[in-house]
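As a plain string of letters, each chain reads:
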Amino acid sequence: MIKLLIDVGNTTTHCKWYDSQNNSFIKETIFMTKNVLQDETKVVFESHYDQLVYSSVVKKIEEKIKQKENKAYSIFDFKKINQNDFVYPIDQLGQDFIANFYGWKTSNGIIVSLGTATTFMIIKDSKMIGAIISPGIESSFKGLIDSADALEFNFYQEVKWETNTKNLWTKQAINKGVVNGHWYMIKGLIEEIKKEHNIKDVILTGGYADLLIQNKYNVNKNLIFEGIINISS
Ligand SMILES: Nc1ncnc2c1ncn2[C@@H]1O[C@H](COP(=O)(O)OP(=O)(O)OP(=O)(O)O)[C@@H](O)[C@H]1O
Ligand SMILES: CC(C)(CO)[C@@H](O)C(=O)NCCC(=O)O
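No experiment lies behind these values; they were computed from the predicted model shown.

S.K.: How would you summarise the side chain of K3 if you had to cite specific residues and measurements?
M.R.: With respect to the helices and strands, K3 occurs in strand β1 (residues 2-8). There is no salt bridge for the buried K3, and the closest opposite charge comes from D50, which lies 9.5 Å off by N-O distance. Polar side-chain contacts of K3 include one of 2.9 Å to the side chain of S232.

Dropping the structure here:
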């Protein structure tokens, strides 16, 4: 069976076609979420698949996917999602948290997801017991540029880990603050959580995980898709 899996994030929407017989992803594409229902995405909805399953943190897009494809399944259409796995009411929890949760079988761990927001999901005794939500790398960058008259938006293309410790001039200075600073924020919060809970594993996911070149934790960028597969099988 070919499953079309869609992860609607606040900024980008990722689509992957998954072959359940061979347990492999066969194709993928990415769109800006605001364009998801424009002509450029026709190819996705008109492609060959047997089942479409989505996770969405954008209500408006979720409604439109349902209108466009009446066979589309939300992750909530499957019995696998169990309120007892979460201390939060699941109708108030982002669907990306829920899909990530079912993508990783750990009894005590932290999932750090780096997208529009950088989120931390704390799992204890196989249950999500809490979260931390912070502005993501790109959101921090855009927030700063938007608020400072002398900073130009074209610095955005350059966002990367800054290895220099000297000669930091505007572009490098911002990267050091935003990207390297983000890493220390992540590291610091993980340490704080670890003081309180017996955490065995940490995993990073999301589009911006690769920017953190000092990262020593495992990265799995397919976590949300593996979660959607587990929920829907
Ligand atoms: N126009 C674009 N075309 C292709 N890729 C993009 C574009 N804009 C951003 N990206 C990439 O998308 C990734 C961000 O995806 P990710 O799913 O982690 O976050 P998001 O969709 O921005 O946020 P979230 O899922 O948290 O709402 C990054 O790797 C970024 O480089
Ligand atoms: C925090 C984000 C924006 C991360 O994508 C998303 O999961 C969301 O909108 N969540 C709703 C609030 C919550 O999960 O606590």
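S.K.: Describe the environment of T163, with residues and values.
M.R.: Positionally, T163 belongs in the loop between α4 (137-147) and α5 (170-196). Judged by its relative accessible area of 58%, T163 is exposed. Remark: the alpha-carbon pair of T163 and E138, spanning 25 residues in sequence, is separated by 19 Å.

S.K.: Which residues make up the sheet that holds strand β9 (residues 201-205), and what values do they have?
M.R.: Across the sheet, which stays open at both edges, the five strands sit in the order β8-β7-β6-β9-β10 with mixed pairing between neighbours. A single partner strand is all that each edge strand has here, and the edge strands are β8 (127-135) and β10 (218-219). Strands in contact with helix α3 (residues 95-103) are β6 (109-114), β7 (117-124), β8 and β9; relative to β7, the strand with the most contacts, it is inclined by about 45 degrees. Sheet strands in contact with α5 are β6, β7, β8 and β9, and its direction is about 20 degrees off that of β7.

S.K.: Quick rundown of the UniProt feature "binding site: ATP" (unreviewed entry) in the chain? Include the residues and the values.
M.R.: The sites that carry the UniProt feature "binding site: ATP" (unreviewed entry) are, in the present numbering, D7, V8, G9, N10, T11, T12, T13, H14 and T116. Considering the C-alpha atoms alone, the annotated residues occupy 110 residues of sequence yet fold into one spot, their largest mutual distance being 13.5 Å. Of the residues annotated just before, the largest pocket has D7, G9, N10, T11, T12, H14 and T116 among its lining. Along the chain, V8 turns up in strand β1. Accessibility expressed as a relative area gives 1% for V8, which makes it buried.

S.K.: Which residues make up the packing of α3 against helix α6 (residues 223-232), and what values go with them?
M.R.: For the pair α3 and α6, interaxial distance at closest approach is 7 Å and the crossing angle is 80 degrees. As the angle between them shows, α3 and α6 are arranged roughly perpendicular. Residues D96, I98, A99, N100, Y102 and G103 of α3 touch α6, and the partners they reach there are L223, I224, E226, G227, I228, N230 and I231. In terms of residue class, the contact of α3 with α6 is built from seven nonpolar, four polar and two charged.

S.K.: So what's going on with the site of ligand 1? Which residues, and what values?
M.R.: N10, T12, M32, T116 and G207 are the nearest of the 13 residues found near ligand 1. Interatomic distance of 2.5 Å between a backbone N/O atom of N10 and an oxygen atom of ligand 1. T11 places a polar side-chain atom, nitrogen or oxygen, 3.3 Å from an oxygen atom of ligand 1. More than half of the atoms of ligand 1 fall within 2 Å of the grid points belonging to the largest pocket. Sorting the residues of the shell around ligand 1 by element identifies β2 (12-19) and β3 (24-32) as the ones contributing at least two each. For the shell around ligand 1, the per-class residue count stands at four nonpolar, nine polar and no charged.

S.K.: Report on the UniProt feature "active site" (unreviewed entry) in the chain, specifying residues and quantitative values.
M.R.: With numbering aligned to this structure, UniProt lists the feature "active site" (unreviewed entry) at D96. Note on placement: D96 falls in helix α3. If sequence neighbours within four positions are ignored, D96 has contacts with S55, V57 and I224.

Cut-offs and rules
- Residues numbered from 1 in each chain as written.
- Chains lettered and ligands numbered in written order.
- Predicted model: local features only at pLDDT ≥ 70, side-chain atom pairs only at ≥ 80, totals over all residues.
- Heavy atoms only, no water.
- Helix = DSSP H or I, 4+ residues; strand = E, 2+ residues; numbered from the N terminus.
- Buried < 20%, exposed > 50% of the residue type's maximum accessible area, 1.4 Å probe, protein only.
- Lys, Arg positive; Asp, Glu negative; His and termini not counted.
- Salt bridge = Lys/Arg side-chain N within 4 Å of Asp/Glu carboxyl O.
- Polar contact = N/O pair within 3.5 Å; in protein donor to acceptor, adjacent residues only side chain to side chain.
- Pairing = 2+ DSSP bridges.
- Contact = heavy atoms within 4.5 Å.
- Axes fitted to C-alpha atoms, helices over the stretch in contact; angles between N-to-C directions.
- UniProt positions renumbered as here; feature names shortened; annotations may be inferred.
- 1 Å grid on protein atoms, 1.4 Å probe; cavity = no way out; pocket = protein on both sides within 12 Å on 5 of 7 lines; lining within 4 Å.
- Parallel < 35°, antiparallel > 145°, perpendicular 65-115°, else oblique.
- Nonpolar A, V, L, I, M, F, W, Y, C, P; charged D, E, K, R; others polar.
- Near = heavy atom within 4 Å.
- Sits in = over half its atoms within 2 Å of the grid points.

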